[in-house]
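Observations on the model geometry
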Amino acid sequence: MKFKLRQLEAFQAIAQTGSVTRAAKTLGISQPATSRLLSDFSNSVAIELFQRKDGRLIPTSEARYLLSEVGRVFDSLRHLEELNRDLTDRTAGHLRIACLPGFASSHLPQLLAQFLQQRPGVNLTLEPDRPERILEWIIGEQYDCGISERFSGHPAVEHLDIAIKTVCIFPKGHRLSALERVSPLDLVDEKIIHARKDSPFFTSLARCFSDHGVLMNSWVEVRQFSTACIMVAQGQGVSVVSMLDAEQFKSADMETRPFDPELVHWLSILRPASGSRSLLSLDFVDTFVESLRPYTANVPPRQAD
């Protein structure tokens, strides 16, 4: 059977009004057009749809059964229209984000809470993991976007690089608090908590020390800046970390100073290069980038490294 929606509308309108004339007015079409739609629909289903009684068209028992199903069809269509409107307005959908572990516990929860508050129909998946795993997920199009550390490139991935300012952090009352800026020369005798030695940021930091002719006193190697912040706030060691993390873990027990020379921590926002991009995911990326603006360094792409 092949039905047209207009035929279903005519059938439903006639059943509700009991008259082809009144149904035509409801539909905003002529009476002959309404009669033709009903006739075509009746021929398609091959059953008697109406009986005339006291000047009204009364649905047969078979027609009443059909009417319940037609009602479900129009309810589904209305739902699709609402869903389409929500998707167009970015108020519904499923957003899948992969990120570095530090973001899942510090910056993103509050940002996402505000983002979702304006989009009550949106479902969210937030998955923290290592940069290597995030890249695999984006290549496989399992996630809409990934927030990772400096990205070297892949043909299946588009990326946006953002330079985040860094600061030196140290315990409250430390001798470094007397300085306006901290350089590698000021950290010669300090125990340094730093990023893992195979990370691009550690390479940049070690180069700063080398350029100043001093040796970094490596003490604790960590994967996340947040770990360094917590340890420093407990009075242990000093570190150079992303300003974003320092702000998130700021406490009365930790102080910060600009690090000299300027050193940035590169973040990369990854997205699959192929496939369609939902308006929702594009909205999130814009929101995320805007949230980083207070911490963003104004440097040419990758020159700081």
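Scroll up a little and you will see the structure.
Report follows, based on the coordinates. (Residues numbered from 1 in each chain as written. Predicted model: local features only at pLDDT ≥ 70, side-chain atom pairs only at ≥ 80, totals over all residues. Heavy atoms only, no water.)

**Side note on the environment of Arg 181**
Just so we agree on the cut-off: Strands here mean DSSP runs of E at least two residues long; helices mean DSSP runs of H or I at least four residues long; both are numbered from the N terminus. Only heavy atoms matter for contacts: two residues are in contact if any of them lie within 4.5 Å across the pair.
Along the polypeptide, Arg 181 turns up in the loop between strand 6 (157–171) and strand 7 (192–195). In this structure the C-alpha to C-alpha distance between Arg 181 and Pro 261, which are 80 residues apart in sequence, comes to 9.3 Å. With residues near it in sequence (within four places) discarded, Arg 181 still touches Asp 186, Pro 258, Phe 259 and Asp 260.

**Brief notes about the pairing of strand 1 (residues 50–53)**
Remark: a regular strand shows side chains that alternate across the two faces of the sheet. This is how it is decided: Only strands that DSSP links by at least two bridges are regarded as paired with each other.
Relative to strand 2 (residues 56–59), strand 1 is paired through four bridges, and the arrangement is antiparallel. Paired with Lys 53 across the two strands is Arg 56, which belongs to strand 2. Between strand 1 and strand 2, which follow one another and run antiparallel, lie two residues, and Asp 54 among them has a positive phi close to 50 degrees.

**Considerations on the packing of helix 2 (residues 20–27) against helix 3 (residues 31–45)**
This is how the line gets drawn: In this analysis, axes come from line fits to C-alpha atoms, helices being fitted only over the stretch in contact, and the angle between any two N-to-C directions falls in the range 0 to 180 degrees. By the definition adopted for this analysis, an angle is roughly parallel if under 35 degrees, roughly antiparallel if over 145, roughly perpendicular if from 65 to 115, and oblique otherwise. Gly falls in the polar group here, along with every residue not listed as nonpolar (Ala, Val, Leu, Ile, Met, Phe, Trp, Tyr, Cys, Pro) or charged (Asp, Glu, Lys, Arg).
Packing of helix 2 against helix 3 brings their axes to within 8 Å, and their N-to-C directions diverge by 105 degrees. One element, helix 2, and the other, helix 3, form an angle in the roughly perpendicular class. Counting all contacts with helix 2, which are made through Val 20, Thr 21, Ala 23, Ala 24 and Leu 27, the residues of helix 3 involved are Gln 31, Thr 34 and Ser 35. Looking at the contact of helix 2 with helix 3 residue by residue, the class counts come to four nonpolar, four polar and no charged.

**Description of the packing of aromatic side chains**
For clarity, the threshold we go by: Think of it this way: a Phe, Tyr or Trp ring, Trp meaning its six-membered ring, pairs with another when their centres are within 6.5 Å, and the plane angle makes it stacked under 30 degrees, edge-to-face over 60, tilted otherwise. Relative accessibility thresholds used throughout: buried, under 20% of the residue-type maximum; exposed, over 50%; partly exposed, between the two (1.4 Å probe, protein chains only). The criterion for a charge sitting over a ring is simple: Lys NZ or Arg CZ within 6 Å of the ring centre, and within 35 degrees of the ring normal.
Counted according to the given criterion, the structure contains seven aromatic pairs. Summarising the aromatic geometry, the rings of Phe 11 and Phe 50 are spaced 5.8 Å apart at their centres and angled 65 degrees between planes, so their arrangement reads as edge-to-face. On the criterion of sequence distance, the pair formed by Phe 11 in helix 1 (residues 5–17) and Phe 50 in strand 1 is long-range, its members being 39 residues apart. Residues Phe 11 and Phe 50 agree in their burial class; the two are buried. The interplanar angle of 80 degrees and the centroid separation of 5.3 Å between the aromatic rings of Phe 201 and Phe 225 together place this pair among those described as edge-to-face. Of this pair, Phe 201 sits in helix 8 (residues 200–211) while Phe 225 sits in helix 9 (residues 225–233), and the two are 24 residues apart along the sequence. Classification of Phe 225 by relative accessible area gives buried; the value is 11%. By the ring-pair criterion, three or more aromatic residues cluster together here, those being Phe 103, Phe 115, Phe 284 and Phe 288. The lysine or arginine in question, Arg 119, covers the ring of Phe 115, its NZ or CZ lying 3.8 Å from the ring centre.

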